[in-house]
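The residues making up each chain are set out below.
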Amino acid sequence: MAPIRLRHPKGVSTLQLDLENSTVLELQQQIFSVTEIPPSQQDLKAGYPPHPLTLIPELPLSSLGLKAGDQLTLIQKASAPSAPATFQSTSAAVSSLGSQAAAMTGMTASQARSPEPPASKGRSTGPDVVPMEGGYLVHRIVPDDNSCLFSSVALVFEQDISKAPKMRQIVADAIRSDPVTWNDAILGRPREDYISTILKPTSWGGAIELTILATHYSTEIASIDVETGRIDHFTPPPERNSGNRCVLIYSGIHYDAASLSPMEDAPVEFHQTIMPVTVEGDSDPVLAAAKKLADILRAKKAYTNTATFDLRCQICNKGLKGEKEARAHASETGHVQFGEY
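Since this is a predicted model, take the numbers as computed values, not measurements.

1. Structural notes on the pattern of salt bridges
Pairing is possible between side chains of opposite charge, provided their charged atoms come close.
Here is step 1: Inspection of the entire model under this criterion finds 11 salt bridges.
Here is step 2: A salt bridge links Glu158 to Lys163; the shortest N-O distance between them is 3.8 Å.
Here is step 3: Put simply, Asp284 and Arg245 hold a salt bridge, and the shortest N to O gap is 3.4 Å. Here the residue Asp284 occupies a position in the loop between strand S13 (275-276) and helix H8 (285-299), and Arg245 occupies one in strand S11 (residues 244-250), the gap between them amounting to 39 residues.
Here is step 4: Overall, Arg245 belongs to the buried group, its relative accessible area being 3%.

2. Quick notes on unusual backbone geometry
Here is step 1: We note that Glu36 has phi near 65 degrees; this positive angle belongs to a residue other than glycine.
Here is step 2: Within the fold, Glu36 resides in the loop between helix H1 (24-35) and strand S3 (42-46).
Here is step 3: Phi is positive for Gln159, close to 55 degrees, though the residue is something other than glycine.
Here is step 4: Within the secondary structure, Gln159 sits in the loop between helix H3 (148-158) and helix H4 (164-177).

3. Thoughts on the sheet that holds strand S5 (residues 71-76)
Here is step 1: Read from one edge to the other, the open sheet built from 5 strands follows the order S2-S1-S5-S3-S4, with strand pairing classed as mixed. With one partner strand each, in any of the chains shown, strand S2 (11-17) and strand S4 (51-52) form the two edges of the open sheet.
Here is step 2: Direction of pairing for S3 relative to S5: antiparallel, over a ladder of 5 bridges. Note on S5: the bridge partner recorded for Leu44 is Leu74.
Here is step 3: Of the strands in this sheet, strand S1 (2-8), S2, S3 and S5 are in contact with H1, which crosses S2 at around 145 degrees.

4. What to know about the pairing of S1
Here is step 1: Alternating residues of S1 divide into Ala2, Ile4, Leu6 and His8, all buried, and Pro3, Arg5 and Arg7, none buried.
Here is step 2: Examined bridge by bridge, S1 and S2 share 7 bridges and lie antiparallel to one another. Across the sheet, the residue bridging to His8 is Gly11, located in S2.

The rules behind the values
- Residues numbered from 1 in each chain as written.
- Predicted model: local features only at pLDDT ≥ 70, side-chain atom pairs only at ≥ 80, totals over all residues.
- Heavy atoms only, no water.
- Salt bridge = Lys/Arg side-chain N within 4 Å of Asp/Glu carboxyl O.
- Helix = DSSP H or I, 4+ residues; strand = E, 2+ residues; numbered from the N terminus.
- Buried < 20%, exposed > 50% of the residue type's maximum accessible area, 1.4 Å probe, protein only.
- Pairing = 2+ DSSP bridges.
- Contact = heavy atoms within 4.5 Å.
- Axes fitted to C-alpha atoms, helices over the stretch in contact; angles between N-to-C directions.

Structure, rendered in structure tokens:
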């Protein structure tokens, strides 16, 4: 491992990199973990005087010509304008569940509606697939109807996305029956208010809901973030863990599912949506295939950066940057309707 110094907006950090065997994407992921600046916003310069680096995620890290002791300078790019969209705040931040969950939840505090499902941008006809031993991991696309998390989980566990309301009820019942775990502080709002909101078909879910559903079905839910390739694991308590796992695909404001098919074009009735955990960690074959699937979607720009997109309050017209400012504004003013511009 070689030390590389990184100057970034938060200060100076030292990265430990395998210059021979890593990829540019792995460098970008390390930078993301230190700075919370996603790959799409990273502008890197090396040496002195600093010269720009061309970052192609799929290439080996050696393509950048780095050597031990080099210094990198990171500048955050300005976010690109997005297509118009509107959304309404529906649930609270879940940072108290831990940084892993909080980093993954993206727009869990909001519901969004856009002209085109985010996960479908740039996609050719038919779902994307990744070959693996014993079959293919298939991207299972669910409607962009504000219930995508619940539809994806219903597809995985019930083989029927129309049972999304049942998933909402499971969450509501779990919160109602366990006021100690799911207290007002964790939920970020009064429990009864949270329960009534999550039962509405227009409200989104995130880390809280995935934690509850993983426990209910005694199955780990692994959610892979398209933009960063990060996998967040929502696991049931040890005494309830079946040793199985399912996979969701997260684009920033949309969830889809993934399933294992014996053939590339096999009917969905033959797909397997719950798989045994064969290897601990992200080197599990199913998770390795999920990372490749995320690579395909990332190359198509099939994600939305919710931390940096520009918003405007539809009530008072105040401009805001990303989900964090939107949540703060909602807390301060009670305004819960925002538009992306």
